[in-house]
Amino acid sequence: MNEMRFAMIVEIELARIRSELLPELWDAETEAMFLKSIKSALNGMQVTEGPLTAAQYSELDARITEEAFKLY
């Protein structure tokens, strides 16, 4: 996956997670944890060009959750 696509997916996922949490729970430490989780999750995936498929979103979400629990 190219760097631009990687960065775009990371930003989209970070915004999605931020929108799902209560604002008072979001701080710099939480953002850093999820940013690291998203990057780790994406590094282990085979993502092709074009929009992510439903299966890829599901896999990414599961991987992010797994990585976040490792860091938390």
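Look up: the structure comes first, before these words.
Right, let's walk through the structure included here. Only a predicted model underlies this, so the values are computations on that prediction, with no experimental measurement involved.

Thresholds, definitions, all that
- Residues numbered from 1 in each chain as written.
- Predicted model: local features only at pLDDT ≥ 70, side-chain atom pairs only at ≥ 80, totals over all residues.
- Heavy atoms only, no water.
- Core = buried A, V, L, I, M, F, W, Y, C linked by side-chain atoms within 4.5 Å.
- Buried < 20%, exposed > 50% of the residue type's maximum accessible area, 1.4 Å probe, protein only.
- Helix = DSSP H or I, 4+ residues; strand = E, 2+ residues; numbered from the N terminus.
- Contact = heavy atoms within 4.5 Å.
- Phe/Tyr/Trp six-rings, centres within 6.5 Å; stacked < 30°, edge-to-face > 60°.
- Axes fitted to C-alpha atoms, helices over the stretch in contact; angles between N-to-C directions.
- Parallel < 35°, antiparallel > 145°, perpendicular 65-115°, else oblique.
- Left-handed = near helix turned anticlockwise from the far one by under 90°.
- Nonpolar A, V, L, I, M, F, W, Y, C, P; charged D, E, K, R; others polar.

Remarks on the nonpolar core
With 17 residues, the main nonpolar core has Phe34, Ile38, Leu42, Leu60 and Ile64 as its most contacted residues. Taken together, the elements giving at least two residues each to this core come down to α1 (3-20), α2 (28-43) and α3 (54-71). Setting aside residues no more than four positions away along its own chain, Ile38 makes contact with Val10, Glu13, Leu14, Ile17 and Ile64.

Notes on the packing of aromatic side chains
Following the criterion strictly, the structure yields one aromatic pair and no others. Centroid distance Trp26 to Phe34: 6.0 Å. Interplanar angle 10°. Geometry classified as stacked. Trp26 sits in the buried class, given a relative accessible area of 15%.

Section: the packing of α2 against α3
For the pair α2 and α3, the least separation of the axes is 8 Å and the interaxial angle reads 130°. In terms of axis orientation, α2 runs oblique to α3. Crossing of α2 over α3 shows right-handed handedness. When α2 is examined against α3, the residues Met33, Phe34, Lys36, Ser37, Ile38, Ser40, Ala41 and Leu42 are found in contact with a partner set consisting of Leu60, Arg63, Ile64, Glu67, Ala68 and Leu71. When the residues that make up the contact of α2 with α3 are grouped by side-chain class, the tally is nine nonpolar, two polar and three charged.

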